[in-house]
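A structural walkthrough
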Amino acid sequence: MSLLSDLINLNLSDCTEKIIAEYTWVGGSGMDLRSKARTLSGPVSDPSKLPKWNYDGSSTGQAPGEDSEVILYPQAIFRDPFRRGNNILVMCDAYTPAGEPIPTNKRCNAAKIFSHPDVLAEEPWFGIEQEYTLLQKDVNWPIGWPLGGYPGPQGPYYCGVGVDKAFGRDIVDSHYKACLYAGINIGGINGEVMPGQWEFQVGPAVGISAGDELWVARYILERITEIAGVVLSFDPKPIQGDWNGAGAHTNYSTKSMRDDGGYEVIKKAIEKLGQRHKEHIAAYGEGNERRLTGRHETADINTFLWGVANRGASIRVGRDTEKAGNGYFEDRRPASNIDPYVVTSMIAETTILWKP
Amino acid sequence: MSLLNDLINLNLSETTEKIIAEYIWIGGSGMDLRSKARTLPGPVTDPAKLPKWNYDGSSTDQAPGDDSEVILYPQAIFKDPFRRGNNILVMCDAYTPGGDPIPTNKRYNAAKIFSHPHVVSEEPWYGIEQEYTLLQKDSRWPLGWPLGGFPGPQGPYYCGVGADKSFGRDIVDAHYKACLYAGVNISGINGEVMPGQWEFQVGPAVGISAGDELWIARYILERITEIAGVVLSFDPKPIPGDWNGAGAHTNYSTKSMRADGGIHVIKKAIEKLGLRHKDHIAAYGEGNERRLTGRHETANINTFVWGVANRGASIRVGRDTEKAAKGYFEDRRPASNMDPYVVTSMIAETTILWKP
């Protein structure tokens, strides 16, 4: 395939000013990523300078066939790690021709919350720990697992090394570099407790950019697993039994929390989250009840519990934060299949805007 | 294969002035592309400066054995993305030694129409959306489909990402860059509704160049699938049943349509096309009756219906055009195996020259 690679890797900057822009959006299920590419006349770095586009919403469950155009509004630009050169990835959200966000567009509402003056003043930072599972194509069984059976119990795999303990590191490492190349704020990676499961972290990112960066990081990951011939799963409990689930722990702080005396602000914020536990849980991912059991480093879905250094809690405050009297906290409830626009904006809304 | 690639990728510019020109033409079926190469003494950018050539028409069903020479007239030059350097691809059309176009030469008549003064002054622009299906070699079953079975139903594949949703992206991405390198006006690509089916768009291109560029893009695509070991199909309904067909939707505008008030010119043009529906359908591709059923985003082959944003229509006008009261329209009837010289010139002829 080297000849094919020669063509895929052609550096067009030598023969044309034109660039390729891959427009990316979230489809009708709220988790399916879609993308298509177009040629533009020259390099672009400002999303507001990119043209709007449209797609066939009747093919993604987002519009009827006789009125199928859905409009794409470019919101964020990243460098394309696959095409490189001046080529770009463009994260978009979707609107009707009349200019209304379509029902599956969660970014629009999140952007409204993040532009509220009280929220802006608090500069909300997010760090999202995205867990995911890699599955063998066709059988949809985790990679590295024997067909028709199971690997040895959890223990050796968390941050493990070795052919019998780490499955799929080439995907994880290429994703890490590809994201850094793209301009995504990827904070780190690690192998997870369940074999074949991994985690990457995005952040700290301010406000709406947390959602943009996580969605593009997910897109880059699925493009990479596509190349590797492996299936990507964001299911929160991919294998029943004594196997960890997959979450998207969301770390959060505001200006006040990061300042002296911030620990008190943190406690008040956690209290408010506790009062809206059911509402948050409803927005924290489909199938989360299979994962939040109270076992496997989770708190039971019906319980709201917080504690310092407690991984069995709904919300965990780090020892650093407790010691310094300021910092951030970790909401451990969100599942791996959350929409980050929904979760980040809801945390900001509850802790900054909502009055009990 | 690295040693072979070293030789294929030799940069001859350092050792010789000579270049290689790959002459390309359409064979006797009207869809089979043929090509052969010759050495020329130095770089050439003007097709008029290239020598005419000839080939054995009795081997392509275009001449009898006892009088087999068919003459190739060079018509358009593109950079060769496979040989690179100063090497070129040359799109040709075919003539008898007496200087008459042979029966399968559709370019000749198209060029006549496009040089008619009324057509020239209207500056007809075309954007052609070429759909195609990739098939596994030998079994001829679509790429990514299980042998002896079917993938899950259509839904996840349109613009999809991931090893279980997107089959053959390396071919598509190599083709995109190769075409840009060659100087083909390729404006975008996307994964299609049926898994293993893709689309690229060529345009906007003026007059006869739309046909030249689409044929060269098809040639480059088939060279790339040859490298990848995959079969290229332009059949308009490769798999019967609840699977989309493959079309070559042709977007079209004239100077009058692009000017203020153009929407009225558009409506008149669509009306004329409606009056010649049967004649157009006869020229829009073999086997199109298997595709134009009224289902799967098509209009029934016997019906002529047009509408704004309606993907079930014969002709679709975009919302942008409706709103601006000028622009272009999309003829959704042509099949993937149409001859672009025929279709583009016929649309120009009917809308600009023909009087009901």
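Here the structure is a predicted model, which means the values were calculated and not measured. (Residues numbered from 1 in each chain as written. Chains lettered and ligands numbered in written order. Predicted model: local features only at pLDDT ≥ 70, side-chain atom pairs only at ≥ 80, totals over all residues. Heavy atoms only, no water.)

**Remarks on the overall build of chain B**
Summing up its helical and strand segments, chain B has 10 helices and 13 strands in all. Relative to the globule expectation of 21 Å for 356 residues, the C-alpha radius of gyration of chain B, 21 Å, shows essentially globular dimensions. With respect to the three principal axes, the spread of C-alpha positions in chain B is 60 × 55 × 40 Å. A burial count over chain B gives 56% of its 356 residues as buried. (Helix = DSSP H or I, 4+ residues; strand = E, 2+ residues; numbered from the N terminus. Rg over C-alpha atoms; globule rule 2.2 N^0.38 Å. Buried < 20%, exposed > 50% of the residue type's maximum accessible area, 1.4 Å probe, protein only.)

**Digging into the UniProt feature "domain: GS catalytic" (unreviewed entry) in chain A**
Under the feature "domain: GS catalytic" (unreviewed entry), the UniProt entry names residues 106-356 of chain A. Along residues 106-356 of chain A, the helical share is 37% and the strand share 19%, with 24 Å between the first and last C-alpha atoms. (UniProt positions renumbered as here; feature names shortened; annotations may be inferred.)

**Observations concerning the side chain of B:Asp32**
Residue position: B:Asp32 is located in the loop between strand 1 (19-26) and strand 2 (33-40). The class of B:Asp32 is buried, set by a relative accessible area of 18%.

**Quick word on the packing of aromatic side chains**
Residue and element names in this part refer to chain A. On inspection of all chains with the given rule, the structure shows 25 aromatic pairs over all chains. Considering the side-chain rings of Trp-141 and Tyr-150, the 5.4 Å spacing of their centres and the 75° angle between planes classify their relative orientation as edge-to-face. Of the residues examined, Tyr-150 reaches a relative accessible area of 52% and is grouped as exposed. One aromatic cluster in this structure is built from Phe-114, Phe-126, Tyr-252 and Phe-329. A cation over a ring is seen here: Arg-38 above Trp-53, with NZ or CZ 4.8 Å from the ring centre. A cation over an aromatic ring shows up here: Arg-218 above the ring of Trp-215, its NZ or CZ 4.7 Å from the ring centre. (Phe/Tyr/Trp six-rings, centres within 6.5 Å; stacked < 30°, edge-to-face > 60°. Lys NZ or Arg CZ within 6 Å of the ring centre and 35° of its normal.)

**Describing the UniProt feature "domain: GS beta-grasp" (unreviewed entry) in chain B**
The UniProt entry lists residues 19-99 of chain B under the feature "domain: GS beta-grasp" (unreviewed entry), expressed in the numbering used here. As annotated, residues 19-99 of chain B has a helix share of 0% and a strand share of 48%, and its two end C-alpha atoms lie 28 Å apart.

**Some words on the interface of chain A and chain B**
Facing 45 residues of chain A, the contacting portion of chain B comprises 46 residues. Summed over both sides, the interface of chain A with chain B buries roughly 3,900 Å², with 55% coming from carbon and sulfur. On inspection of chain A and its partner chain B, the count reaches five salt bridges. As a salt-bridge pair, A:Glu222 and B:Lys165 come within 2.9 Å of each other at their nearest N and O atoms. (Contact = heavy atoms within 4.5 Å. Buried area = accessible area lost by both parts, 1.4 Å probe. Salt bridge = Lys/Arg side-chain N within 4 Å of Asp/Glu carboxyl O.)

**Some points on the domain arrangement of chain A**
Residues and elements named next belong to chain A. On domain assignment, one finds that chain A holds domain 1 (4-104) and domain 2 (117-353). Its C-alpha centre places domain 1 at a distance of 27 Å from the equivalent point of domain 2. Between domain 1 and domain 2, the residue contacts involve 17 residues of the former and 19 residues of the latter. Buried area between domain 1 and domain 2, summed over both chains or domains, comes out near 1,700 Å², and the portion from carbon and sulfur atoms is 74%. Area buried by domain 1 at its contact with domain 2 is led by Met-31, Phe-78 and Phe-82, which between them contribute 38% of it. (Domains from an automatic or database assignment.)

**Here we look at the side chain of B:Gln62**
Residue and element names in this part refer to chain B. By the element assignment, Gln-62 lies in the loop between strand 3 (53-56) and strand 4 (69-79). Classification of Gln-62 as buried rests on a relative accessible area of 11%. At 3.0 Å, the side chain of Gln-62 and the backbone oxygen of Ile-26 are in polar contact. When neighbours within four sequence positions are excluded, Gln-62 is seen to be in contact with Trp-25, Ile-26, Gly-27, Gly-28, Tyr-55, Gly-57, Val-70, Ile-102 and Thr-104. (Polar contact = N/O pair within 3.5 Å; in protein donor to acceptor, adjacent residues only side chain to side chain.)

**Remarks on the pairing of strand 1 of chain B**
All names here are of chain B. Among the eight residues of strand 1, seven are classified as buried, and the element is accordingly described as predominantly covered. With four bridges joining them, strand 1 and strand 5 (residues 88-95) adopt parallel strand pairing. Paired with Ala-21 across the two strands is Ile-88, which belongs to strand 5. (Pairing = 2+ DSSP bridges.)

**Side note on the pattern of salt bridges**
Tallying each qualifying case throughout the model produces 34 salt bridges over all chains. In this structure, the salt-bridge partner of B:Asp46 is B:Lys49, at a minimum N-O distance of 3.5 Å. A residue is classified by how much of its surface remains accessible, and B:Lys49, at 63% relative accessible area, is exposed. B:Asp260 is paired through a salt bridge with B:Lys326; the nearest N and O atoms lie 3.2 Å apart. In this pair, B:Asp260 is assigned in the loop between helix 6 (255-258) and helix 7 (262-275) and B:Lys326 in the loop between helix 9 (319-324) and strand 13 (329-331), connecting sequence segments 66 residues apart. The network of salt bridges with common partners includes A:Glu22, A:Asp80, A:Arg83, A:Arg223 and B:Asp173.

**Some thoughts on the domain arrangement of chain B**
Residue and element names in this part refer to chain B. As far as domains go, chain B holds domain 1 (1-104) and domain 2 (117-353). Look at where the C-alpha atoms of domain 1 and domain 2 centre, and you get two points 27 Å apart. Each partner contributes residues to the interface: domain 1 has 17 residues there, and domain 2 has 20 residues. When the area that domain 1 buries against domain 2 is broken down by residue, the three leading residues are Met-31, Phe-78 and Phe-82, summing to 38%. Applying the counting criterion to the domain 1 and domain 2 interface returns zero salt bridges.

**Digging into the sheet that holds strand 5 of chain B**
What links the strands of a sheet is backbone hydrogen bonding, and the strands pair in either a parallel or an antiparallel sense. Residue and element names in this part refer to chain B. Strand order in the open sheet formed by five strands is 2-1-5-4-3, with mixed pairing between adjacent strands. The open sheet has two edge strands, strand 2 and strand 3, and neither has a second partner. Geometrically, the sheet is characterised by an average inter-axis angle of 40° between neighbouring strands, direction not taken into account. Strand contacts of helix 5 (residues 209-228): strand 1, strand 2, strand 4 and strand 5, with the helix running at about 120° to strand 5, the strand carrying the most contacts. (Axes fitted to C-alpha atoms, helices over the stretch in contact; angles between N-to-C directions.)

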